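Observations on the model geometry
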Amino acid sequence: MASLSPAARRRLAALRSALDEQLAALGEPPYAGPGHPAAALTACVQALLRAQRRGLAPHRPAVKAAVRATLAELASRYPGQAVEVRVPPYGAVQCFPGPRHTRGTPPNVVETDPLTWLALVTGDLTWADAVSSHRVSASGARADLSPALPLWSPPHEAPLHGTGTGDSR
């Protein structure tokens, strides 16, 4: 953890706290897994999706922390400003190489709700299914995230690379 910036340590602490609150709401014990950010983020996203599948309201601070961290991971893996990915009300990033956008509405925009976004980044939902069911709005020639999703494999495989907290470079 020594390599994390103070801001990244604060984000990780907030993520861990929100994760433990979500786990408590699910009737599960606190997180006892690895302390690195990618593992905590993976556990948080999985807990949120479990809550949704059980018909429980996902813990709002956990949703916020997970969405922001996964958006940061996307921007870290695919730097650029050709596509804007929006997950209101928690965040938006510009990513993917190509023509830079600086004013007005970007020509390539992807927008979805937080739980759909988390299902996409984990592979619980495919890009094609999300678009065809209108759970994702994608406009512009470059607004296809299918080559980038899911961001990481299921937990028995490799987790997120980098820190998953926006400081992965």
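Provided above is the structure to which this section pertains.
Residues numbered from 1 in each chain as written. Predicted model: local features only at pLDDT ≥ 70, side-chain atom pairs only at ≥ 80, totals over all residues. Heavy atoms only, no water.

**Observations regarding the packing of helix 1 (residues 6-25) against helix 2 (residues 37-53)**
Note the threshold: Only the contacting stretch of a helix is used when fitting its axis, a line to C-alpha atoms as for every element, and angles between N-to-C directions run 0 to 180 degrees. Every helix listed is a DSSP run of H or I at least four residues long, and every strand listed is a run of E at least two residues long, numbered separately from the N terminus. Orientation is classified from the angle alone, with under 35 degrees giving roughly parallel, over 145 giving roughly antiparallel, 65 to 115 giving roughly perpendicular, and any other angle giving oblique. Left-handed describes a crossing whose near helix is turned anticlockwise from the far helix by less than a right angle; the clockwise case is right-handed. What makes two residues a contact is simply this: any of their non-hydrogen atoms within 4.5 Å.
Helix 2 packs onto helix 1 with a crossing angle of 30° between their chain directions and a minimal axis gap of 9 Å. If you check the angle between helix 1 and helix 2, you find them roughly parallel. In terms of crossing hand, the pair formed by helix 1 and helix 2 is left-handed. Residues L12, L15, R16, L19, Q22 and L23 of helix 1 pack against P37, A40, L41, A43, C44, A47, L48, R50 and A51 of helix 2.

**Considering the sheet that holds strand 3 (residues 109-112)**
What counts is decided by this rule: A pair of strands is labelled paired if DSSP reports no fewer than 2 bridges between them.
With respect to topology, four strands assemble into an open sheet ordered 2-1-3-4, the strand pairing being mixed. Every other strand in the sheet has two partners, leaving strand 2 (91-95) and strand 4 (136-139) as the edge strands with one partner each. Along the sheet, successive strands turn relative to each other by an average axial angle of 10°, direction set aside. As paired strands, strand 1 (residues 83-87) and strand 2 are joined by five bridges and run antiparallel to one another. Looking at the pairing, V87 lines up with G91 of strand 2.

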